[in-house]
Protein chains: 12
Amino acid sequence: MEITHGEITLINGPNLNRLGVREPGIYGTATLEDIEGNTIKSGQDLGFAVDCHQSNFEGELIDFLHNSDGNAGVIINPGALTHYSYALRDAIASISTPCVEVHISNIYAREEFRRHSVISPVVLGVISGFGIMGYDLALQVIARHVCKKSSL
Amino acid sequence: MEITHGEITLINGPNLNRLGVREPGIYGTATLEDIEGNTIKSGQDLGFAVDCHQSNFEGELIDFLHNSDGNAGVIINPGALTHYSYALRDAIASISTPCVEVHISNIYAREEFRRHSVISPVVLGVISGFGIMGYDLALQVIARHVCKKSSL
Amino acid sequence: MEITHGEITLINGPNLNRLGVREPGIYGTATLEDIEGNTIKSGQDLGFAVDCHQSNFEGELIDFLHNSDGNAGVIINPGALTHYSYALRDAIASISTPCVEVHISNIYAREEFRRHSVISPVVLGVISGFGIMGYDLALQVIARHVCKKSSL
Amino acid sequence: MEITHGEITLINGPNLNRLGVREPGIYGTATLEDIEGNTIKSGQDLGFAVDCHQSNFEGELIDFLHNSDGNAGVIINPGALTHYSYALRDAIASISTPCVEVHISNIYAREEFRRHSVISPVVLGVISGFGIMGYDLALQVIARHVCKKSSL
Amino acid sequence: MEITHGEITLINGPNLNRLGVREPGIYGTATLEDIEGNTIKSGQDLGFAVDCHQSNFEGELIDFLHNSDGNAGVIINPGALTHYSYALRDAIASISTPCVEVHISNIYAREEFRRHSVISPVVLGVISGFGIMGYDLALQVIARHVCKKSSL
Amino acid sequence: MEITHGEITLINGPNLNRLGVREPGIYGTATLEDIEGNTIKSGQDLGFAVDCHQSNFEGELIDFLHNSDGNAGVIINPGALTHYSYALRDAIASISTPCVEVHISNIYAREEFRRHSVISPVVLGVISGFGIMGYDLALQVIARHVCKKSSL
Amino acid sequence: MEITHGEITLINGPNLNRLGVREPGIYGTATLEDIEGNTIKSGQDLGFAVDCHQSNFEGELIDFLHNSDGNAGVIINPGALTHYSYALRDAIASISTPCVEVHISNIYAREEFRRHSVISPVVLGVISGFGIMGYDLALQVIARHVCKKSSL
Amino acid sequence: MEITHGEITLINGPNLNRLGVREPGIYGTATLEDIEGNTIKSGQDLGFAVDCHQSNFEGELIDFLHNSDGNAGVIINPGALTHYSYALRDAIASISTPCVEVHISNIYAREEFRRHSVISPVVLGVISGFGIMGYDLALQVIARHVCKKSSL
Amino acid sequence: MEITHGEITLINGPNLNRLGVREPGIYGTATLEDIEGNTIKSGQDLGFAVDCHQSNFEGELIDFLHNSDGNAGVIINPGALTHYSYALRDAIASISTPCVEVHISNIYAREEFRRHSVISPVVLGVISGFGIMGYDLALQVIARHVCKKSSL
Amino acid sequence: MEITHGEITLINGPNLNRLGVREPGIYGTATLEDIEGNTIKSGQDLGFAVDCHQSNFEGELIDFLHNSDGNAGVIINPGALTHYSYALRDAIASISTPCVEVHISNIYAREEFRRHSVISPVVLGVISGFGIMGYDLALQVIARHVCKKSSL
Amino acid sequence: MEITHGEITLINGPNLNRLGVREPGIYGTATLEDIEGNTIKSGQDLGFAVDCHQSNFEGELIDFLHNSDGNAGVIINPGALTHYSYALRDAIASISTPCVEVHISNIYAREEFRRHSVISPVVLGVISGFGIMGYDLALQVIARHVCKKSSL
Amino acid sequence: MEITHGEITLINGPNLNRLGVREPGIYGTATLEDIEGNTIKSGQDLGFAVDCHQSNFEGELIDFLHNSDGNAGVIINPGALTHYSYALRDAIASISTPCVEVHISNIYAREEFRRHSVISPVVLGVISGFGIMGYDLALQVIARHVCKKSSL
């Protein structure tokens, strides 16, 4: 499928570069490369180019977000920054691109501190607990979002 | 598509029978009938029969859950019971059917009391904030879940 | 007086069917029948038909509220559901009928848990502590409310 | 009607002298003078003289309360002192006159700090959210209260 | 033994109809039928008829409690309603029948939310953690309670 | 009955030596001697020797617990230590003997601080509110516990 | 005895002018006049002139405190201002005169809000629960305090 | 400079009349007279008449605020009332004059209770920690504010 | 003076045997022996024998309290047990002897945890912050208490 | 004016590079370049060179702070790091340069989490709510601060 | 090595006499005797005599601490008293001997209540989670501490 | 000694590059270079190569941790990130290398926010309060840890 609907930014936060290597009981055996590869492919199927980024630096994640302003959408898994990075939250609030928050594990079923996201109040919505499939679902959400706007 | 993968139970909780009629600013203009119709159709496409239920009674919702034991999956939007019904939570914990929790609005972006779900710790995962599309995403999750198990 | 101003729904929640029988020290000796009889009569004097309901089921109270949509007003004493039923709150928020919350005892002068109402933020106002007279005052509030709107 | 049932004290607290001038969206367009005039007139209809006071000084409000000891009743809108003046609370507790707490707006539907009244545990009851009509309802409560006692 | 000491009401709350089927690690393998059968038999041995009820509806449990007014005693396992149903609490407070609260598992050794019962302050006492034997112990408590009163 | 099932340790904590003398309104008129006498006798009927201890010293109670390791069971009323003695809790956790926690009054119906037991998470279960009869019930629990194990 | 040790300021806060008239069960039957008379007399016996003040106005109490700067001591019963008047606290901190905080009732044995004094951290010490005798004890404290300083 | 930009009200709250006399370590050696003199002079330089008030009475401060309605601005240091006077907050909210909140010391670096201002949510902004220079900065803010409005 | 008014028990808790040796900045230079000697002498002057005890063992302090039942009064400084020993509190509640709680330092002006006493709700009253003079004041309180009772 | 008073470091934190572009309703239309240009110019007027930095990286902000040690002053707007970056706080505490904390919006009038600054306890003072003018005021504070020191 | 550096007191609190016997999964298989033997030997190597104590009595532990005043150091594992014994804390604060707090398990990785030590604020430092090796490390700390002082 | 036991990673977090320069009262006069030099030397004595890193960037610290996977051990002093960096915590949890958390000062004896470490639940143990000696102790812990494993 042709890339006609624009670009989607995929942002993975701290420690997600370790996926597949460690704690597969919680996070599964898929690697970050698997996620990025799948999302690029699924994006293509829906007519989007997917731009993939990962960083362990809050500042770099903020830069990625600023740079995605004007894109079709952002899919973000902020890792543990989910629970305290008000700077990341403000970065999302500072762009007009619709964001979808994804978590591989069900964060509401884990330690107390993981049950609260400071990011959620500024995103379109949250998908949590469905493994790497969550990224695919997020892609669909953005695709639908773009369609709605273009049909107005 | 033939119904080969079994039955999925769709359960909507208190006040969701009012969808489309009131507060469209928050919940959109789709009605409960729209949701149920769409889900049945999408279910068929994936090879599932979808059994739809709505009730304003916690007790009846618990009965629906008990009855869904052995089904392929449960999609549940518990409405405001999300925030206090430990009885609903225990009903989900008492069945082996995988459950997906869906919210039409982004509950984490609303009043303080809506940000905490007593249901989330016992479901597979949560989809919140994507309007009625959330039900479709939940269907996909269960379909994938069934495939994984059957491929073992 | 003729019934010209429409219908008012009177809704009493859990355990209010026990009024007069038990704990008269807190709730007085009047029975639910007394309250309903008085309110019907006072309603007639103000030109309203009063439709009376009581239930110990949260789900049934929600149904009563949905059914009252379009009426002149709702007078509701949610009993102990006052303190935790967000589903009842959402039912009130889902209808356009003005609601008045009534409590026979002064809930702010009793146990800690009774001092907080999850219902109050979505009603027109609250009357608490004046025995069964509170229902009469609520009727007057709705009557005045109707007059204001009709005089616009 | 003749003044035969005694005297009622109407006490309005801090900033209520500004009524009608500012924030009519919350408090309406009636002025303090309107409230006092109406209450005096309604009082006369019920056979009570109404003694009206307003002050921005907690100490003066306490004096008003002490002076009302022995009267038929007190109607008090403590303004923002509602939320912290334990001294006002003790003044009410120190007199035998029945007090009714009135709020023009629905304090339970506003900022968090307004949802808690330190006064409520020592009054007969609370009327909140019905605009200046609340003062009239309070008058009726006291009238009924006086009747009950005199009929013993 | 003859039924001379009157009737005892056994009330089991939400999800207890699932006993024995699921989570036997926590709740054991006995079914609700086992509990009811045993309690009826033990009741007979002590001279009591035992009237057994289970419901997943808070409202129905409240009705059972109201109907048990005047009986010799109530044995109640409120299930998860233990932790939030102030309506159930008020139902117990509204009857003069002595109530014993029973929990199959030791609720104080489980999740944080299970450690607090809103029911306990209005019952005679609590038995928690001894499996279905707890119902037998509760029966003995009521039998002893009846003896004491009849010996006065 | 012969002592064939082994020894049970009965441990009463601080101030329980004052039973019967003071605050009979809360704790009844039975003395510690009555409790110990009854429990020894009931123990004999069930085939257990009951070893009785009381101390106002947390350290001594810990010693009693350590010494009961290997016994058939421990019945413990920790008095006010219930609410803060993590050392007592650790002592119970350090032995393999099953413990039953007993309270004469219904601790959940008293002052706020009495509603939380730091002991409960490490015992078999809790019996609270049935006066000195609670000790008898605890004996039965241990007897049943012993039977189950010996029948394996 | 001659007045040689200087002046002591006695300050009573809101509602203490009502002493003896109301709630004698809590505050006793002595009036403010009794307290002031006794304290003046006891002061004379110890060689101090006692300057007595009472006000229901926080502002006036602050003025009294400012005026007492340089005196031998201040005895203050801040009434309900004890629990929230940080302004009073700052007034005490702004003077070098040693202050003794007195409460007629045992504030630590009453409602939760009375158990915390915002004043106590800036006074010499607190005397609470001994009725009007507390004022006498406070006098002795200041007398001793003056002696110590003059003996240096 | 001519007074052409109107009048500014300077309001100092409880205990600020003690400035310079006590606790110079925290508040510096400048007196209230210094502050008022400086502010008048600085105001003149900017073209404003400055009307200076200080009171230890919450009620009087409220009156000052009401009287400043229509002025160019209010500079307020509420003293310890900062931390609890919701009445003062409502007085500020009831006027249209822009207010600047000033604190001589850095309140966020002192006792816990000083770190929260109930006033801040209704003022233009806050200046804290720069000694009496803060008043000068506040003047500049109001001057700039007036310029902006007049330049529209 | 003759011992005619009976016996008073002086109880000092943990670490008070270290008085005078360490931390004189907080507790002064007087030793426990000084306190006991002074209290015995002052007791004699008032006609009381004073029985002095100190222990670092909670259990022993409880025993002292039980043994003082029937005495004229108890003066107790519970040391750090003040802040958590509910067992000590229950011991005081279990005797009819009036108790006075004494603290050498002003506990309300120290670390957060020292500001709350679990003992205070069950004593006659509290004296805190006046050094060893507090014991003398407590003696006077008990003497006065005894006089009142004997004069009835 | 000549640069004679040394260098001032201006540090802006995460997302402040987005100023003017987004959310002008909250933050105004001025850009970061405007702020830096103005501050450099105002600095020159006061005799200071202003060294401007912005970063979205906490670590880089810490480096800027370390590098400013020995300068005349630091003006810092930490963005959302204000609310959780104890590392930034420690960096400020680790240098001897006086810091002024500036916020463009009135952070005390926004979301709950923005009302608390972990930075404020270690800075000279705080300026919040006056738009980009706050940076100018901060400059003046540092200028005055330098003057005071140099005049010693 | 000769004992030239003085005496070190080793104090183990409640339940540590049970080490090795129970819960080896948490506490390892070493017994108290092993710990004491090792510490004595390691002490000798460093030139210290080690005096070993264990008690389940808070009072006895306080006595041990008092007796260690003047020694070279104290190594203390307070067991569960760590979490509530303010009396133990005061005992440590009352002596000038440097104390090191040791925990065998990592208390910060266990139940919530174990994560807070009331002892830690008054000790030199804390070693937690390294099994019985922690005692050896503590010995080294004290040895180094002694050296530093003697080298001054 | 030969390097036979592998490599240990030493990681110091934000502001630790400032050691020795500032706040020597809290952190001592040793510099980061001293710590790194000593640790390398002590490591050599124990047969380990020590790889030293410091960064003010959370992201870089996470990278250091990922890179240390497979090493013999990690010694980490996370600086102020200790109190909020869940991302650092997850990085530690994502590697199999045993980590020891070291703090130079006794963090439990400082400001409230420093008493809680989000890192501690995922490390082997914690050493806090012994100055730079803590790093040496940590080295010994890892050395012992390696020995144990290699002896299996």
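Throughout, residues of each chain are indexed from 1 in the direction in which the sequence is written. Chain letters and ligand numbers both follow the written order, the letters beginning at A and the numbers at 1. Only residues with pLDDT of 70 or above have their local features reported here, since the model is predicted, and side-chain atom pairs are shown and tallied only from 80 upward, although totals for entire chains, interfaces and linings are computed over all residues. Only hydrogens and water are set aside; all other atoms, that is, all heavy atoms of the structure, feed into the side-chain values.

### Here we look at the packing of helix 3 (residues 58–67) of chain B against helix 4 (residues 86–93) of chain B
Residues and elements named next belong to chain B. Axes, fitted as lines to C-alpha atoms, cover a helix only where it is in contact. Angles between the N-to-C directions of the axes lie from 0 to 180 degrees. For helices the rule is a DSSP run of H or I covering at least 4 residues; for strands it is a run of E covering at least 2, with both sets numbered from the N terminus onward. Contact geometry of helix 3 with helix 4 gives a least axis separation of 9 Å together with a crossing angle of 5°. Relative to helix 4, the element helix 3 is oriented roughly parallel. When helix 3 is examined against helix 4, the residues Glu58, Leu61, Ile62, Leu65 and His66 are found in contact with a partner set consisting of Ala87, Leu88, Ala91 and Ile92. In the contact of helix 3 with helix 4, the residues fall into seven nonpolar, one polar and one charged. With respect to orientation, any angle under 35 degrees is reported as roughly parallel, any angle over 145 as roughly antiparallel, any angle of 65 to 115 as roughly perpendicular, and every other angle as oblique. Whether two residues are in contact is decided by their heavy atoms: any pair within 4.5 Å suffices. Side-chain classes follow a simple rule in which Ala, Val, Leu, Ile, Met, Phe, Trp, Tyr, Cys and Pro form the nonpolar group, Asp, Glu, Lys and Arg form the charged group, and the remainder, Gly included, forms the polar group.

### Quick look at the interface of chain B and chain A
Taken together, the contacts link 20 residues of chain B with 20 residues of chain A. Taken as a group, Tyr108(B), Phe130(B) and Met133(B) account for 32% of the area that chain B buries against chain A, more than any other trio of residues on that side. Here, a salt bridge means any Lys or Arg side-chain nitrogen found within 4 Å of an Asp or Glu carboxyl oxygen. Applying the counting rule to chain B against chain A returns zero salt bridges. Any pair of N or O atoms that falls within 3.5 Å is considered a polar contact. Within protein, one atom must be able to donate a hydrogen and the other to accept it, and sequence-neighbouring residues count only if both atoms are side-chain atoms. Where chain B touches chain A, the interface holds eight residue pairs in polar contact (both at pLDDT 80 or more). Going through the elements one at a time, strand 5 (125–128) and helix 5 (133–150) of chain B are the ones with two or more residues in the side of chain B that touches chain A. For the side of chain B that touches chain A, the element with the most residues is helix 5 of chain B, which contributes six residues. Its residues assigned to classes, the side of chain B that touches chain A shows twelve nonpolar, six polar and two charged. Following DSSP output, two strands are said to pair if at least two bridges run between them. Two strands pair when backbone bridges link them, and strand 5 (residues 125–128) of chain A and strand 5 of chain B are joined in this way by three bridges, in the antiparallel orientation. Residue pairing in the sheet places Ile127(A) in a bridge with Ile127(B) of strand 5 of chain B. Here the buried area means the combined drop in accessible surface, using a 1.4 Å probe, for two parts upon being joined, counting both sides.

### Some remarks on the interface of chain J and chain H
In this complex, chain J contributes 20 residues to the contact, which on the side of chain H involves 20 residues. For the pair chain J and chain H, the summed buried surface comes to about 1800 Å²; carbon and sulfur atoms form 63% of the total. In terms of surface lost to chain H, no three residues of chain J exceed Tyr108(J), Phe130(J) and Met133(J), which account for 31% of the buried area on that side. At the junction of chain J and chain H, the tally comes to zero salt bridges. Our count for the contact surface shared by chain J and chain H stands at eight residue pairs in polar contact (both at pLDDT 80 or more). Residue assignment for the side of chain J that touches chain H shows that the elements contributing at least two residues are strand 5 (125–128) and helix 5 (133–150) of chain J. In terms of residue count, helix 5 of chain J provides more of the side of chain J that touches chain H than any other element does, six residues in total.

### Considerations on the environment of Leu46(K)
Residues and elements named next belong to chain K. Along the chain, leucine 46 falls in helix 2 (residues 32–46). Partly exposed describes any residue whose relative accessible area lies between the buried limit of under 20% and the exposed limit of over 50%, with all areas from a 1.4 Å probe on protein chains only and scaled to the type maximum. Residue class for leucine 46 comes out partly exposed when judged on its relative accessible area of 29%. C-alpha separation for the pair leucine 46 and asparagine 12, spaced 34 residues apart in sequence, amounts to 21 Å.

### Brief notes about helix 4 (residues 86–93) of chain J
The buried count for helix 4 of chain J comes to seven of eight residues, which makes it a mostly enclosed element. Listed as buried for helix 4 of chain J are Tyr86(J), Ala87(J), Leu88(J), Arg89(J), Asp90(J), Ala91(J) and Ile92(J). Here the buried face of helix 4 of chain J lies against helix 3 (58–67), strand 3 (73–77) and strand 4 (99–103) of chain J together with helix 1 (24–27) of chain L.

### Things to note about the sheet that holds strand 1 (residues 7–12) of chain I
The pairing of strands in a sheet happens through backbone hydrogen bonds and is either parallel or antiparallel. Taken together, the ten strands give an open sheet; going across it, the order is 2(G)-1(G)-3(G)-4(G)-5(G)-5(I)-4(I)-3(I)-1(I)-2(I), and neighbouring strands pair in mixed fashion. In this open sheet, the two strands that pair with only one neighbour each are strand 2 (49–54) of chain G together with strand 2 (49–54) of chain I. This sheet shows a mean twist of 20° between the axes of neighbouring strands, independent of strand direction. Bridge count for strand 1 (residues 7–12) of chain G against strand 3 (residues 73–77) of chain G is five bridges, and the pairing is parallel. Pairing of Ile8(G) across the sheet is with Gly73(G), part of strand 3 of chain G. Against the sheet, helix 3 (residues 58–67) of chain G touches strand 1, strand 2, strand 3 and strand 4 (99–103) of chain G, its axis set at about 170° to strand 1 of chain G. Strands in contact with helix 5 (residues 133–150) of chain I are strand 1, strand 2, strand 3 (73–77), strand 4 (99–103) and strand 5 (125–128) of chain I; relative to strand 3 of chain I, the strand with the most contacts, it is inclined by about 155°.

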